[in-house]
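Each chain, written out:
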Amino acid sequence: MNIDDFIRESIRRNEEEAREFAMKKKQERIAAILEKSGLGKRFQKRTFEGFKQTDKNRGAYLKALDFCNAFPDNWRGLLITGPVGTGKTHLAAAIANKLIKELYTVMFGNITDIITLVKSTYSKDSEVSEMQVIQTLTQDVDLLVIDDLGKEYSSKNTNTVLYQIINRLYEDEKPIIITTNYNSEQLKSKFGERGEAIVSRITEMTVPIIMTGEDWRLK
Ligand SMILES: Nc1ncnc2c1ncn2[C@@H]1O[C@H](COP(=O)(O)OP(=O)(O)OP(=O)(O)O)[C@@H](O)[C@H]1O
Ligand SMILES: [Mg+2]
């Protein structure tokens, strides 16, 4: 091997090693945080196969499938709204499960759990920082699903955390999936002085899916 080939080969190996190292670090971070949070156990059974189609929800079902088929090239996510029991969480979970099967990393969390996870880093015993958790939620995972937005206990700090998460995704043009019982005016009023900024970003970042029909829990 001549000296030029030798140098080229060394550079290639170093680059490969660096890439592998970065991948490993990223996977470790995701695993550590998923393990701590306990997020993600609740939704595993809810799939597209288990989602019965009706005249009222077929449009929503197809939009959700479209989202999966376009992933990861779509920067617009989904804002799934509608009354209690109409299948919002089920549909969001079905997307998460389908993408996980395709080997994407998805963080599916109830908003209260996500906020609790971020706040757990404020303890002085925490091994990870708030910034690291937000980075994992927004950058390390391929998709973040926030279930039940607006149900969290609202405080200045909570609103700031939420703003940081949304804004990071917005700047990176990464999709988000949100389910909520509330319309945009109601959401705005929940997030205090961050309300306008949060809701305006979410509106631009998502395609709306409006769920209607009866409460499946009563069937
Ligand atoms: N199309 C469907 N086919 C079969 N089961 C469904 C369907 N839609 C909803 N369900 C079931 O009904 C129950 C309620 O649905 P889900 O939790 O998705 O409602 P939701 O809209 O998120 O309600 P909430 O606003 O209270 O969070 C779940 O057990 C879910 O699996
Ligand atoms: Mg729900």
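Residues numbered from 1 in each chain as written. Chains lettered and ligands numbered in written order. Predicted model: local features only at pLDDT ≥ 70, side-chain atom pairs only at ≥ 80, totals over all residues. Heavy atoms only, no water.

(A) Region of interest: the overall build of the chain. The helix and strand inventory of the chain stands at 8 helices and 5 strands. When its helices and strands are written in sequence order, the chain yields α-α-β-α-β-α-α-β-α-β-α-α-β. Each principal axis of the C-alpha distribution contributes one length, and for the chain these read about 75 × 40 × 30 Å. Within the chain, the proportion of its 219 residues that are buried is 40%. (Helix = DSSP H or I, 4+ residues; strand = E, 2+ residues; numbered from the N terminus. Buried < 20%, exposed > 50% of the residue type's maximum accessible area, 1.4 Å probe, protein only.)

(B) Summary view of the sheet that holds strand β4 (residues 176-180). With respect to topology, 5 strands assemble into an open sheet ordered β2-β3-β4-β1-β5, the strand pairing being parallel. Edge positions in the sheet fall to β2 (106-110) and β5 (206-210), since each has one partner strand and no second. Shown here is a sheet whose adjacent strand axes are inclined to one another by a mean of 15 degrees, direction ignored. Sheet analysis places strand β3 (residues 143-147) next to β4, joined by 3 bridges and oriented parallel. Counted as the bridge partner of Val145 is Ile177 from β4. On top of the sheet, helix α3 (residues 88-101) reaches β1 (77-81), β2, β3 and β4; it is set at about 160 degrees to β2, its chief contact. (Pairing = 2+ DSSP bridges. Axes fitted to C-alpha atoms, helices over the stretch in contact; angles between N-to-C directions. Contact = heavy atoms within 4.5 Å.)

(C) Seen up close, the nonpolar core. With 28 residues, the main nonpolar core has Leu144, Ile146 and Leu149 as its most contacted residues. At the level of secondary structure, the elements contributing two or more residues to this core comprise α4 (111-119), α5 (130-140), β3, α6 (156-172), β4 and α8 (195-205). Setting aside chain neighbours within four positions, we find Leu144 in contact with Met107, Ile114, Leu137, Ile165, Leu169, Pro175, Ile176 and Ile177. In this structure, Phe48, Leu99, Val145 and Met211 belong to the second largest nonpolar core, which totals 25 residues. (Core = buried A, V, L, I, M, F, W, Y, C linked by side-chain atoms within 4.5 Å.)

(D) Examining the site of ligand 1 more closely. Taken together, 17 residues are adjacent to ligand 1, and Lys52, Gly85, Lys88, Thr89 and His90 come closest. Side-chain polar atom of Asn57 to a nitrogen atom of ligand 1: 3.4 Å apart, as the coordinates give it. In this structure, Arg217 approaches ligand 1 through a side-chain N or O atom, which is 3.0 Å from an oxygen atom. Taking 620 Å² as the accessible area of ligand 1 by itself, protein coverage stands at 85%. (Near = heavy atom within 4 Å. Polar contact = N/O pair within 3.5 Å; in protein donor to acceptor, adjacent residues only side chain to side chain. Areas by Shrake-Rupley, 256 points an atom, 1.4 Å probe, with all protein chains shown as cover.)

(E) Region of interest: the layout of surface pockets. Here the largest pocket is characterised by a volume of approximately 490 Å³. The set of elements that each furnish at least two residues to the lining of the largest pocket consists of α3 and β2. Per-class residue counts for the lining of the largest pocket are 5 nonpolar, 9 polar and 8 charged. (1 Å grid on protein atoms, 1.4 Å probe; cavity = no way out; pocket = protein on both sides within 12 Å on 5 of 7 lines; lining within 4 Å. Points joined across faces, edges and corners; volume = space filled by probe spheres on them. Nonpolar A, V, L, I, M, F, W, Y, C, P; charged D, E, K, R; others polar.)

(F) A look at the packing of α5 against α6. Interaxial distance between α5 and α6 falls to 10 Å at its minimum, and their mutual angle equals 45 degrees. Between α5 and α6, the angle falls in the class oblique. Of the two elements, α5 crosses α6, and the hand of that crossing is right-handed. In this structure, α5 contributes Glu130, Met131, Ile134, Gln135, Leu137, Thr138 and Gln139 to the contact, and α6 contributes Val161, Gln164, Ile165, Arg168, Leu169 and Asp172. Its residues assigned to classes, the contact of α5 with α6 comprises 6 nonpolar, 4 polar and 3 charged. (Parallel < 35°, antiparallel > 145°, perpendicular 65-115°, else oblique. Left-handed = near helix turned anticlockwise from the far one by under 90°.)

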